[in-house]
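Residue strings, one per chain:
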Amino acid sequence: MAKIELTRSSFIKNALKSRYPQLAVFIVMLVGYIFAILAGFIGTPVGSHNFSIVFVWIAWWAILILVAVPFFGRGWCAVCPIPLPGEWLQRGAILTPPDKRPKWLNLRVPKMFRNIWLQNISFLLLALFSSVLLTTPNITGIVLAAMLFAAIGLSAIFERRAFCRYLCPVGGFIGLYSQVAPIELRIKDKQVCVKCKDKPCYRIPAGGNGSSAGYGCPWDVFPGGLTKNTYCGLCLECIRTCPHDNIAVNLRPFSADLAKPSTRMDEAFKAFIMLGSAMIYAGVLLGPWGVFKDAAYNVGASAWFIYTGMFLSIIFGILPGLFTLGLLGTKSNTTLKHRFASLSTALIPLGLMFWVAFSLSFVLINASYILAALSDPLGLGWNLFGTANTAWQPMLTSILAPAQTLALVGGLIWSARTAQKAASEVKVSSIPVIVYCFATTSIMLWLLL
Amino acid sequence: MKRSELLSRILVITGIIIAIGAPLYFWTSTPLIRARMPENGGWSPNVVHANVGEPLRLKLTSDDVVHGFAVGLMDMQSVDILPGKVTEVTLTFDKPGIYTYYCTRWCGPNHWRMRGTIEVNGSPSDPEPALSEVERVPLYVSLNLDIDAPHDAPVVPAQKPSAIRGQELIPNSPFLQSSDYYRSNSPYQAFNDLSNISLTEPQRWDVIAYLWQSNITPESLANGKRLYAQNCAACHGENGAGDGVFADDLAKKGESSMQTMEGAMEMMMQAPVDFTDPKRMLGASPALLQGKILRGGMGTGMPMWGSIFTEEQIWDLIAYIYSFQFEYQGAIP
C-alpha cells in the first residue's frame, strides 16, 4: 500500500497549520488534567468513584492503548497537556514566538541522558507502584502533579521539551509502539531540506525561536532526518515553520517503521520492559493468585520487595536472557548486541498486542464506572448527567475472550512477520525469535484466558 | 502583545482558574459526613449540631467499605452508606440532648467504636412528665449490683434446661412468677430458692427455664434476636459462643495488650463472652446483664449501649441471650 498524503487536503493542512484548533484542545485537556489532579486530592478516596482514577486509568488508558497508539502513534502526545505550562513559560508565549525570549536557562540536555533509559526507569517506577497508583486517587493526584511540575522544572533548565523526550514514563512506550501506527509525519522532498539554509523547523537561534511562524522542533528532532515515528511528538510545529511547505502527514501501512530495525539498546530494553510488564500485570492484577496481589499492593512490605525483585528479574533477566540464549545459536557476521537490539524489534507488535489484550480485560470490566464518575466526579453526591447511579456492570464480556485471543494470535503473526524482516536485515535465522514469541504468547494466553 | 496572544492567555488562565476554583468551591460547600473504618478515623466529623424541631439534613459517604448509619434511642431505620456514594438522611429531633449515631454494618474489628454524637439544642416540643428518681435509675443501680464482680454459678445443669419440661413441674410459688423476681435474680439464685421444693436438680433447672420464658413475650424474644444479630453477633457469634467474625481479632488485640498489662485476666477479657457457658450465664441476673449492656465492659472490648438501645430493647436482648442456656417452647421467629 502506498502512502497517502493527508496534508494534500487543504482542510486538513489548514487545520493542522493553524494554532487555534490545537490550542482549543490544549485548553480542554489542561483543564481536565488539573481537574484530575484536584479530584485525586479532594474527591472521594474510593477509586472506582473518583474522576482521577476512572478517567485517567480506565478512560484515558483505554483510548490510549486501544485506539490512539495503534492508529495514531504519538497522537496523544500531540494533545497532551503535561508539557504545556512549562513550554509556554519557556517560550514566553502561548501562540507565535514573541520578539524577546524569556531568560530561561535553555541548556542542552547532557549527552548521557539523551536516550530513553530515564523513560525506562520512570515507567518501571510507576509500574512497581501500580497497584496502589491505579486504585488510590491521592497517589494518582500526586503523580499527575509531579509530572506537571517536573515538566515545568525541566523546561526551566533545558531547551525544548526535555520532559517529553527523555523522562515521561508514558512517552517512552508510546514512541516505541508509534512505529506500528499507520500515520506519520515526514518531509516530502529531502533535497528541499538539504538546500534549506535556516532550517527553522529545528533551529533555536540565539536571538529568537525557529522563525516568526513557529518554534524549532520541541522534540529535538530534525524533520529532514525523520525515518521513524519514535521521537516525533506530532506537535505540528514543523508544519508551521517550514518555509518550503515540505512537511507532510501521511497515511501509510501498519508497522512501516519496523522494516528498518533499531539497533539501540535502550529501545530494545523498552520492548522487553513493556512485554514483561504486560505479562506480569496479567498474572498479578487479573490472575487468581491473591498472594501476588497482596504483595504488589503492600508497598514497602517485605513481600513487595520480593515482588519487586521478581518483577525486575523477569524484565531484565529472564526475558532478555532467554531471548539472548535463542540468538546464541544463530550464525551471523554481526555482533550479539547488534542482533539482540535488531531482533527485539519483533517484540514491538507483540508487546502492543499483549497490552491490548490485557487492557481489554480491565477496561471492559470497569468501563461502567465512567458513566457514574462523569455525573459525580468527586463523589459529592452530584448527578450532572443523570448517570451517577449507574450500577457497575462488566461490558461485552461475551466478546472478551475471543477479542483477546484474536489480539494475541494476531500479535504473534505480526511479530513473526516482523522477525523475518528484522532477521533478514541482520542475516540470521528468525526461528529462535518466532519460537520466543510463540512461547510468550502461549503464557499470555494462559494468563488471560 | 498581539491581540490573539492576549486572548489565548486570558482563555488559558480562565480555564485554569475554573479547573481549580470550581471543584474547590463545590467541595467546600458540600459538607459531608465521611465514614471510615474506625482504625482509619471512624466518622468525620464525629460531632454534629442540630436544633429541636428543625430538620437536620445529613449527607453521608463512605471512604472505604460499606457502613451503616443509625441514631440511638430514635425510632429510625438504619441506612447503608456505600463507598464513594452519597446517602442523604433527614432527622428531626423533638427533644434536646446528646444523641449517638453509630455504624450498623460490621465494618471491622473496631466496628463498635464507630460512633459520633448529635448535640441537639432547644426546648422539647412536647414536654414529657418528669420521671421520679426511682424511675430514672436503671435496675442494676437501684439493686446496687457490682457488675464487674465475678458472678459464676457454682452449680450448673448437666443438660440444657427445658421450659417444656418445666411447665409441667411448676410449683405454686407466686414470688417466682413476678417480673421483679425474674429481673433481679440469676437463674442460680432461683435454683437455690427452689431447693426446699421436692424436685430433682434437673427438674429445678427445667422449672427455671420455664420461669424465664414465662416472663418474656415471643415479640420480645424476636426483637431481641434481631437486635442481637445486628449488633452483638459480630463478636459474640451467631450462636452466642463468643466466636463471631471479629472474635479472633479481638483475642489477638488482647494478646498484644499483654505486652503492657499484667496477668492472663486482661488478655481473656478481650475475648468476647461466651453466652453458651452455663457457669457464667446462670450466675448472671437480667439486672446484671442490663448493667453490662447499658454501661459496657470496663477494660474489655464490650461497648456501651446505653446511648443506643432503649430500656425496652435492652430487656428484649437479655431475653434472647438467655435462650442460649434454656430450651424454650416454640421457635423464635
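Residues numbered from 1 in each chain as written. Chains lettered and ligands numbered in written order. Predicted model: local features only at pLDDT ≥ 70, side-chain atom pairs only at ≥ 80, totals over all residues.

A. How the structure looks around the overall build of chain A. Across its full length, chain A holds 20 helices and 3 strands. Taken over the C-alpha trace, chain A has a radius of gyration of 22 Å; the compact-globule value for 449 residues is 22 Å, and the two agree within 12%. Once the C-alpha set of chain A is aligned to its principal axes, its extents read approximately 65 × 60 × 40 Å. Counting the 449 residues in chain A, one finds 47% classified as buried. (Helix = DSSP H or I, 4+ residues; strand = E, 2+ residues; numbered from the N terminus. Rg over C-alpha atoms; globule rule 2.2 N^0.38 Å. Buried ≥ 20, exposed ≤ 12 C-beta atoms within 10 Å, placed from the backbone.)

B. Local environment of the domain arrangement of chain A. Residues and elements named next belong to chain A. Assigned domains of chain A: these are domain 1 (1-260) and domain 2 (280-448). One C-alpha centre belongs to domain 1, the other to domain 2, and the line joining them spans 24 Å. With 30 residues of domain 1 in contact, the opposing surface of domain 2 contributes 25 residues. Where the side of domain 1 that touches domain 2 is concerned, the elements lending two or more residues are helix H2 (19-42), helix H3 (51-72), helix H7 (130-133) and helix H10 (169-177). The leading source of residues in the side of domain 1 that touches domain 2 is H3, at 11 residues. (Domains from an automatic or database assignment. Contact = placed C-beta atoms within 7 Å.)

C. Quick look at the environment of A:Cys217. Residues and elements named next belong to chain A. Tracing the backbone shows Cys217 in the loop between helix H11 (190-195) and helix H12 (237-241). Judged by the 27 C-beta atoms lying within 10 Å of it, Cys217 falls in the buried class. Discounting chain neighbours no more than four positions away, the residues touching Cys217 are Cys201, Tyr202, Phe222, Pro223, Glu237 and Cys238.

D. Main features of the confidence of the model for chain B. All names here are of chain B. Per-chain confidence: chain B averages 88 in pLDDT, with 89% of residues scoring 70 or above. Note that residues 263-268 has pLDDT below 50 and, in this model, 8 contacts with residues that lie over four places away or in other chains. Scoring the predicted complex yields pTM 0.86 and, for the interface, ipTM 0.90. (pLDDT = per-residue confidence, 0-100.)

E. Examining the interface of chain B and chain A more closely. Between chain B and chain A, the residue contacts involve 23 residues of the former and 21 residues of the latter. Within the residue set of the side of chain B that touches chain A, elements represented by two or more residues are helix H1 (3-28) and strand S4 (56-62) of chain B. No other element matches the 14 residues that H1(B) contributes to the side of chain B that touches chain A. Tallied by class, residues from the side of chain B that touches chain A come to 12 nonpolar, 6 polar and 5 charged. (Nonpolar A, V, L, I, M, F, W, Y, C, P; charged D, E, K, R; others polar.)

F. Highlighting the sheet that holds strand S1 (residues 33-35) of chain B. Residues and elements named next belong to chain B. As summarised here, the arrangement of the 4 strands in space is S2-S1-S4-S7, forming an open sheet in which the pairing is mixed. The open sheet terminates on both sides in strands that have one partner only, identified here as strand S2 (43-44) and strand S7 (86-91). As paired strands, S4 and S7 are joined by 6 bridges and run antiparallel to one another. If you follow Leu60 over to S7, its bridge partner there is Thr87. (Pairing = 2+ DSSP bridges.)

G. Molecular detail of the domain arrangement of chain B. Residues and elements named next belong to chain B. Taken as a whole, chain B is organised into domain 1 (33-121) and domain 2 (139-324). If you look at the interface, domain 1 gives 9 residues, while domain 2 gives 10 residues. Each residue belonging to the side of domain 1 that touches domain 2 can be placed in one class, and the counts come to 5 nonpolar, 4 polar and no charged.

H. Up close: the nonpolar core. By size, the foremost hydrophobic cluster in this structure holds 129 residues, and its most contacted members are A:Leu275, A:Phe354 and A:Ala357. A total of 13 residues in this core trace back to one element, the largest contributor, which is helix H13 (residues 265-284) of chain A. Residues from two domains meet in this core; each of domain 1 (1-260) and domain 2 (280-448) of chain A gives at least three. Those residues in contact with A:Phe354 that sit more than four places away from it in its chain are A:Leu275, A:Ala278, A:Met279, A:Gly411 and A:Met444. Core analysis: the second largest hydrophobic core is formed by 69 residues, B:Phe69, B:Cys103, B:Cys107 and B:Met281 among them. (Core = buried A, V, L, I, M, F, W, Y, C linked by C-beta atoms within 7 Å.)

I. Summary view of the sheet that holds strand S2 (residues 183-187) of chain A. All names here are of chain A. Ordered by their spatial adjacency, 3 strands build an open sheet running S1-S3-S2, and the pairing between neighbours is antiparallel. Only two strands of the sheet have a single partner each, and these edge strands are strand S1 (4-5) and S2. Bridge count between S1 and strand S3 (residues 247-251): 2 bridges; the pairing is antiparallel. Among the inter-strand pairings, Glu5 is bridged to a residue of S3, identified as Asn250.

J. Geometry of helix H15 (residues 302-328) of chain A. All names here are of chain A. For H15, built from 27 residues, the straight-helix expectation of 39 Å at 1.5 Å per residue is met to within 8% by its first-to-last C-alpha distance of 37 Å. At Ile314, H15 shows its maximal kink, close to 45 degrees. Those residues of H15 that fall on the buried side of the exposure criterion are Trp304, Tyr307, Phe311, Ile315, Leu319, Pro320, Phe323 and Leu327. In this structure, the buried residues of H15 make contact with helix H6 (117-128), H13, helix H14 (290-297), helix H16 (336-343) and helix H20 (431-448). (Expected span 1.5 Å × (residues − 1). Bend = angle between axes of the 7 residues up to and from the residue.)

K. Quick peek at the packing of H15(A) against H20(A). Residues and elements named next belong to chain A. Relative to each other, H15 and H20 sit at 150 degrees, their axes nearing to 8 Å. With respect to each other, H15 and H20 are oriented roughly antiparallel. Both H15 and H20 take part in a crossing whose hand is right-handed. Only Pro432, Val433, Val435 and Tyr436 of H20 make contact with H15, whose side of the interface consists of Leu322, Phe323, Gly326 and Leu327. Here the contact of H15 with H20 is composed, by residue class, of 7 nonpolar, 1 polar and no charged. (Axes fitted to C-alpha atoms, helices over the stretch in contact; angles between N-to-C directions. Parallel < 35°, antiparallel > 145°, perpendicular 65-115°, else oblique. Left-handed = near helix turned anticlockwise from the far one by under 90°.)

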